[in-house]
Amino acid sequence: MSATKRIRAIDYPRSGVVEVLDQRLLPLRERTITCRCGEEVAIAIEEMALRGAPLIGVAAAMGIAVEMDQAKWDSAQQRHACFTTICSRMLQTRPTAVNLAWAVERMRQAYGKLQEKSDVEMLAGLQTEARQIMEEDWQMNLAMGEHGASLIKDGDVVLTHCNTGSLATGGHGTALGVIRSAVQGGKKIRVLVDETRPYLQGARLTSWELQQEGIEATLIADSMAAHCMQKGMVNMVIVGADRIAMNGDVANKIGTYNLSILAKEHQIPFYVAAPSSTIDPNCIAGSDIPIEERAEEEITHYHGHRVAPKGIPVYNPAFDVTPAANIAAIITERQILLPPLGSALAKLMQEIRECHSI
Ligand code: MRU
């Protein structure tokens with residue numbers, strides 16, 4: 001039901017080639033990087049040429065397939081070693097978004113079923129699985145958009161954080177997908193875009209995506225959110241997620257937790273939109289979620305220029321954890337989960353397990 005051109009953040013057009021839209025240069029330049037092996041995809045993930053939880057899962061899957069496309073082996077053991085090595089490499093790239101480990105596990109399961117097959121059949125099977133992960137993510141986002149749009153009223157102003165659009169997913173987006181679906185459904189809404197320090201995903205990427213589609217948006221610095229809420233300028237907050245614990249705690253871009261506290265203080269609903277691949281059944285609570293720490297230059301420098309004095313110690317966590325108690329609902333591709341989120345998540349995961357065992 002996407003009415004606009006689908007922005008493709010990654011593509012696997014043919015055997016041996018993965019193309020990545022280099023998000024580090026957006027919005028000033030649109031450049032595509034060509035990755036011809038798994039290591040090049042792993043570096044693209046680590047160096048943020050592409051980012052966003054669902055998208056790095058898609059990229060890891062494509063990276064595994066493209067590595068197998070070009071690797072050489074003399075025996076079944078070597079082929080197997082090659083596969084397990086590239087899976088481990090992908091898992092080392094970024095720690096917080098569980099979609100990455102989820103996608104690697106899907107590739108492992110696909111490989112398990114293809115193990116007795118010829119090289120040609122195995123490679124074709126892995127390519128199909130990687131492309132399928134992307135298509136399914138896109139479909140999940142469209143479904144999530146439909147559910148989530150029902151929460152938005154005509155005339156609403158929605159505050160969002162980080163980038164959760166086509167650039168962060170297989171297409172359409174999670175939180176931004178909900179906004180897109182509401183607009184495509186005829187609602188006139190306005191988006192307040194948090195700039196999202198320090199990496200500026202909001203200023204650079206979300207603003208760009210919204211402009212591409214003509215969705216009305218206003219950019220604010222993160223520190224302005226409280227003021228905007230106090231002034232009655234915000235009807236709801238919608239964000240994405242990098243990992244959802246089974247008690248409903250949510251890890252997302254640093255600054256999300258602040259927003260949840262502000263929303264609570266101002267009685268503004270705070271929603272999370274995420275596909276079920278973001279729910280970690282092995283993670284009991286938010287305190288179990290590993291938080292990535294990134295390079296100090298992201299804080300000490302601005303556009304390549306130093307703005308902080310040399311030698312100042314820096315702490316740069318890329319994500320924070322919003323407690324379940326601050327979340328009004330989690331929008332998934334299957335349904336909108338309402339508090340108590342722990343039992344809603346347990347029920348959803350049980351349904352998914354039953355669905356897979358049929
Ligand atoms: O560091 P990033 O840019 O990969 O972080 C992305 C986010 O935190 C998004 O909000 C999250 O992945 C949900 S996006 C679909």
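Throughout, residues of each chain are indexed from 1 in the direction in which the sequence is written. In keeping with the model being predicted, local features are shown solely for residues with a pLDDT of at least 70 and side-chain atom pairs are shown and tallied solely at 80 or more, while totals for entire chains, interfaces and linings include all residues. With hydrogens and water stripped out, all remaining heavy atoms of the structure feed into the side-chain values.

1. Describing the packing of aromatic side chains
In this description, a pair of aromatic rings is defined by centroid distance and the angle of the planes.
Reasoning step 1: Aromatic contacts are taken between Phe, Tyr and Trp rings whose centres are within 6.5 Å, Trp giving its six-membered ring; a plane angle under 30 degrees counts as stacked, one over 60 as edge-to-face, and the others as tilted. Going through the model one piece at a time under the given rule, you end up with one aromatic pair.
Reasoning step 2: Judged by centre distance (3.9 Å) and plane angle (10°), the rings of Phe 83 and Tyr 111 are stacked. Taken as a pair, Phe 83 in helix 3 (residues 76–91) and Tyr 111 in helix 4 (residues 98–114) lie far apart in primary sequence, 28 residues in all. Side by side, Phe 83 and Tyr 111 carry an identical accessibility label, which is buried.
Reasoning step 3: A ring has a charge above it when a Lys NZ or an Arg CZ is no more than 6 Å from the ring centre and no more than 35 degrees off the ring normal. One residue, Arg 131, lies across the ring of Tyr 12, its end atom 4.6 Å from the ring centre.
Reasoning step 4: For the cation-ring pair, Lys 253 lies above Phe 319, with the distance from its terminal atom to the ring centre recorded as 4.2 Å. For helices the rule is a DSSP run of H or I covering at least 4 residues; for strands it is a run of E covering at least 2, with both sets numbered from the N terminus onward. Between buried and exposed lies partly exposed: a residue is buried under 20% and exposed over 50% of the maximum accessible area for its type, with that area taken using a 1.4 Å probe on protein chains only.

2. Things to note about the sheet that holds strand 1 (residues 10–14)
Reasoning step 1: Read across the open sheet, the three strands follow the order 1-2-3; overall the sheet is antiparallel. Where the open sheet ends on each side, the last strands, each with one partner, are strand 1 and strand 3 (32–35). Strand-to-strand, the axes of this sheet are offset by a mean angle of 25°, without reference to chain direction.
Reasoning step 2: Any two strands are treated as partners once DSSP identifies two or more bridges connecting them. Summarising the sheet, strand 1 and strand 2 (residues 17–21) pair through three bridges and their orientation is antiparallel. In the sheet register, Ile 10 faces strand 2, and the bridge partner there is Val 20. Between the N-to-C directions of two axes lies an angle of 0 to 180 degrees, each axis being a line fitted to C-alpha atoms and, for a helix, fitted only over the stretch in contact.

3. Description of the sheet that holds strand 6 (residues 217–220)
Reasoning step 1: Reading across the sheet, the seven strands line up as 6-5-4-7-10-14-15 and stay open at both edges, with mixed pairing between neighbours. The open sheet terminates on both sides in strands that have one partner only, identified here as strand 6 and strand 15 (336–337).
Reasoning step 2: Here strand 5 (residues 190–194) pairs with strand 6 via four bridges, running parallel. Looking at the pairing, Asp 194 lines up with Ile 220 of strand 6.
Reasoning step 3: Here helix 6 (residues 175–184) sits on the sheet and contacts strand 4 (157–160), strand 5, strand 7 (236–239), strand 10 (270–273) and strand 14 (329–331); the angle it forms with strand 4, its principal contact strand, is near 160°. Only heavy atoms enter the contact rule, under which two residues are in contact if any of them lie within 4.5 Å.

4. Observations regarding the domain arrangement of the protein
Reasoning step 1: Boundary definitions for the domains trace back to an automatic or database domain assignment. You can read the domains of the protein as domain 1 (10–141) and domain 2 (150–357).
Reasoning step 2: Here domain 1 and domain 2 have C-alpha centroids that lie 25 Å from each other.
Reasoning step 3: Counting from both sides, the interface comprises 26 residues of domain 1 and, opposite them, 32 residues of domain 2.
Reasoning step 4: Buried area: the accessible surface (1.4 Å probe) lost by two parts on joining, summed over both. Summing both partners gives a buried area of about 2600 Å² for domain 1 against domain 2, and 56% of it is carried by carbon and sulfur.
Reasoning step 5: Of all residues in domain 1, Arg 51, Thr 96 and Asn 141 give up the largest surface area on contact with domain 2, accounting jointly for 24% of the area buried on that side.
Reasoning step 6: Every case where a carboxyl oxygen of Asp or Glu lies within 4 Å of a side-chain nitrogen of Lys or Arg is listed as a salt bridge. Connecting domain 1 to domain 2 are one salt bridge.

5. What to know about the pattern of salt bridges
Reasoning step 1: The final tally for this structure, using the stated rule, is 17 salt bridges.
Reasoning step 2: Arg 31 is the partner of Asp 22 in a salt bridge, and the nearest nitrogen-oxygen pair spans 2.6 Å.
Reasoning step 3: For Asp 22, a relative accessible area of 1% translates into the label buried.
Reasoning step 4: Arg 31 gets classed as partly exposed once you look at its relative accessible area, which sits at 33%.
Reasoning step 5: Of the charged contacts, one joins Glu 39 and Arg 89 as a salt bridge, the two residues approaching to 2.7 Å between their closest N and O atoms. One end of the pair, Glu 39, is in helix 1 (residues 38–46); the other, Arg 89, is in helix 3, and 50 residues separate them in sequence.
Reasoning step 6: Judged by relative accessible area, which is 34%, Glu 39 ranks as partly exposed.
Reasoning step 7: Through salt bridges with shared partners, a single ionic network connects Asp 22, Arg 24, Arg 31 and Glu 47.

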